[in-house]
Amino acid sequence: MRVLIIGAGILGSSAAYHLAAQGIEVEIVDEAHQGKATMAGAGIVCPWATKVEEPEWYKLYEAGTRFYDGLISGLKARGETDLGYGKVGALVVAEDRAEFDAAAERVARRTKNAPEAGEIRHLTPAEARALFPPLREDFDAIHIPGAARVDARLLSAAMVRAAVSMGAKFRSDYVTLKTDGDRARCLDSTGKEIAADQIIVTAGAWASQILRPLGLDHPVVPQKGQIVHLRLPGVATAKWPVVLPMSSHYMLAFDDSRVVIGATRENNSGFDYRVTAAGELEVLSAGLKIAPGLANATLIETRIGFRPAGETMNPILGRVPGFSNLTLGNGLGAGGLTIGPFAGSQIAKIAIGQTTDIPLDLYAPKAS
Ligand code: FAD
């Protein structure tokens with residue numbers, strides 16, 4: 001069987017890796033659009049503190065987190081070491097005491113049966129600042145040692161590389177789909193057909209565009225995120241925890257003295273690939289309020305990503321009704337770097353007719 005995957009973000013690269021590992025013939029095609037979400041995403045993997053209480057979404061959010069350990073060890077076993085993944089822990093903080101207490105209750109409830117979260121501890125402001133020095137001086141924190149951060153640029157590149165090393169083919173191109181009876185056919189940018197028995201569409205915020213010629217009215221739109229990268233020259237930030245202030249903003253650090261503050265959530269943004277004054281102001285104000293010690297950091301870049309946002313929070317994963325050869329993975333929204341590797345492995349199974357690890361019927365694409 002030959003499987004064609006359209007889109008090599010976190011979802012498509014995971015699907016490719018898991019198919020190639022089973023010896024399936026795979027081709028991945030990717031246009032690398034400006035604003036590809038996987039290239040901009042922050043990379044927080046910590047389901048336990050979220051305020052979101054959607055049970056079906058949370059189930060995948062948690063399953064995605066659990067999936068990481070096996071994925072990382074599998075990639076390392078194949079010689080992939082540059083994965084950008086670290087279990088650095090998280091500090092949950094809040095300006096408001098009631099908000100902090102509510103977060104403490106949520107974390108305790110959710111981690112009761114999640115040993116991978118590690119031992120949850122309440123830290124004094126001094127203990128919290130010992131872990132994340134720029135933090136405000138008056139913040140108590142809840143410490144979740146099992147939280148992780150991932151540089152999804154590195155991780156998805158590693159999954160594609162591993163897939164290619166197992167025989168997958170990668171091509172940079174913009175492709176389109178057309179209908180042929182109950183089948184979808186894929187054409188490259190010169191109009192030539194790319195042969196495939198099964199097609200998986202993991203086209204992120206661009207999925208609606210590629211599905212439209214098939215007569216499908218797909219409910220996913222771009223939600224723009226602007227995310228600011230700072231550098232603290234000479235400071236070893238690699239082990240700093242993620243900071244979750246219980247708002248839509250947050251902070252995390254990477255190996256190269258880099259601290260990231262995220263992010264705007266701009267609905268109705270279209271594909272507006274611009275750093276805006278208001279976006280920069282929003283993110284920096286929120287970040288410096290929580291971590292004033294970052295005031296003198298160097299602003300090195302602002303990344304822009306388009307989250308694939310559906311009508312509900314739930315991802316859309318499964319076979320497309322009306323087509324015998326089309327599987328869709330989409331709508332991961334703001335949780336895609338957490339859910340994506342697991343979801344990618346599952347849509348790979350769906351495309352080749354295997355049973356998924358957990359029931360996914362609820363997330364199946366609707367007929368349109
Ligand atoms: P994408 O990564 O967008 O990939 C889609 C790919 O399909 C693109 O490369 C595109 O070029 C390609 N494509 C589309 N159409 C075609 C075509 N016709 N031909 C060829 N190629 C095509 N998630 C978390 O879990 N934790 C976080 O901390 C987090 N932070 C985030 C912060 C920001 C600022 C943003 C924007 C997102 C964040 N996310 C986070 C969410 C996460 O990044 C996304 O949900 C996830 O990356 C979506 O992955 P994807 O593979 O579906 O899409």
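Calculation rules
- Within any chain, residue numbers begin from 1 and follow the written order of that chain's sequence.
- At least 70 in pLDDT is required for a residue's local features to be given in this predicted model, at least 80 for side-chain atom pairs to be given and counted, and no such filter applies to totals for whole chains, interfaces and linings, which use all residues.
- Here the side-chain values reflect all heavy atoms present in the structure, with hydrogen atoms and water set aside.
- The criterion for a residue being near a molecule or strand is simple. One of its heavy atoms has to lie within 4 Å of it.
- Polar contacts, as counted here, are pairs of nitrogen or oxygen atoms within 3.5 Å of one another; within protein the pair requires one atom able to donate a hydrogen and one able to accept it, and residues that are adjacent in sequence qualify only if both atoms are side-chain atoms.
- For every accessible area listed, the method is Shrake-Rupley and the probe measures 1.4 Å; residues are considered covered only by the protein chains on display.
- Helix and strand labels come from DSSP, where a helix needs a run of H or I of at least four residues and a strand needs a run of E of at least two; each type is numbered from the N terminus.
- Those domain boundaries reflect an automatic or database domain assignment.
- The term buried area refers to how much accessible surface (probe radius 1.4 Å) is lost by two components on association, counted for both of them together.
- Whenever a carboxyl oxygen of Asp or Glu lies within 4 Å of a side-chain nitrogen of Lys or Arg, that contact is scored as a salt bridge.
- Residue classes follow a fixed rule: Ala, Val, Leu, Ile, Met, Phe, Trp, Tyr, Cys and Pro count as nonpolar, while Asp, Glu, Lys and Arg count as charged, and any other residue, Gly among them, counts as polar.
- At least two bridges found by DSSP between two strands are what make those strands a pair.

Novice: What am I meant to see in the site of the ligand here?
Specialist: Among the 37 residues in the neighbourhood of the ligand, the closest are listed as Asp30, His33, Thr38, Gly333 and Thr338. Take isoleucine 10: an N or O atom from its main chain is 3.2 Å from an oxygen atom of the ligand. At 3.0 Å, a backbone N or O of alanine 37 approaches an oxygen atom of the ligand. Burial of the ligand by the surrounding chains reaches 99%, relative to a free accessible area of 1000 Å². For the shell around the ligand, the secondary structure elements donating two or more residues are α1 (10-21), α2 (37-40), β18 (298-309) and α9 (336-351). Three or more residues apiece are contributed to the shell around the ligand by two domains, here domain 1 (2-39 + 153-220 + 312-363) and domain 2 (85-147 + 221-308).

Novice: Quick question: what am I supposed to make of the domain arrangement of the protein chain here?
Specialist: By convention, interface size is frequently given as the accessible area that disappears when the constituent parts associate. Domains assigned within the protein chain are domain 1 (2-39 + 153-220 + 312-363) and domain 2 (85-147 + 221-308). Using C-alpha coordinates to define each centre, domain 1 is positioned 30 Å away from domain 2. Buried area between domain 1 and domain 2, both sides added, is near 1100 Å², and the carbon and sulfur share of it is 62%. When the area that domain 1 buries against domain 2 is broken down by residue, the three leading residues are Gly35, Ala205 and Val220, summing to 35%. For the pair domain 1 and domain 2, the number of links is 0 salt bridges. Here domain 1 is connected to domain 2 by 3 residue pairs in polar contact (both at pLDDT 80 or more). For the side of domain 1 that touches domain 2, the per-class residue count stands at 8 nonpolar, 7 polar and 1 charged.

Novice: What is the right way to read the sheet that holds strand β4 (residues 85-86) from this model?
Specialist: Paired through backbone hydrogen bonds, the strands of a sheet run either parallel or antiparallel to each other. In space, the 3 strands of this open sheet follow the order β3-β8-β4, with antiparallel pairing throughout. Edge positions in the sheet fall to β3 (44-45) and β4, since each of these pairs with one other strand and no more. As defined by bridge partners, β3 adjoins strand β8 (residues 148-150) across 2 bridges and the pair is classed as antiparallel. Bridge pairing links valine 45 to alanine 148 in β8.

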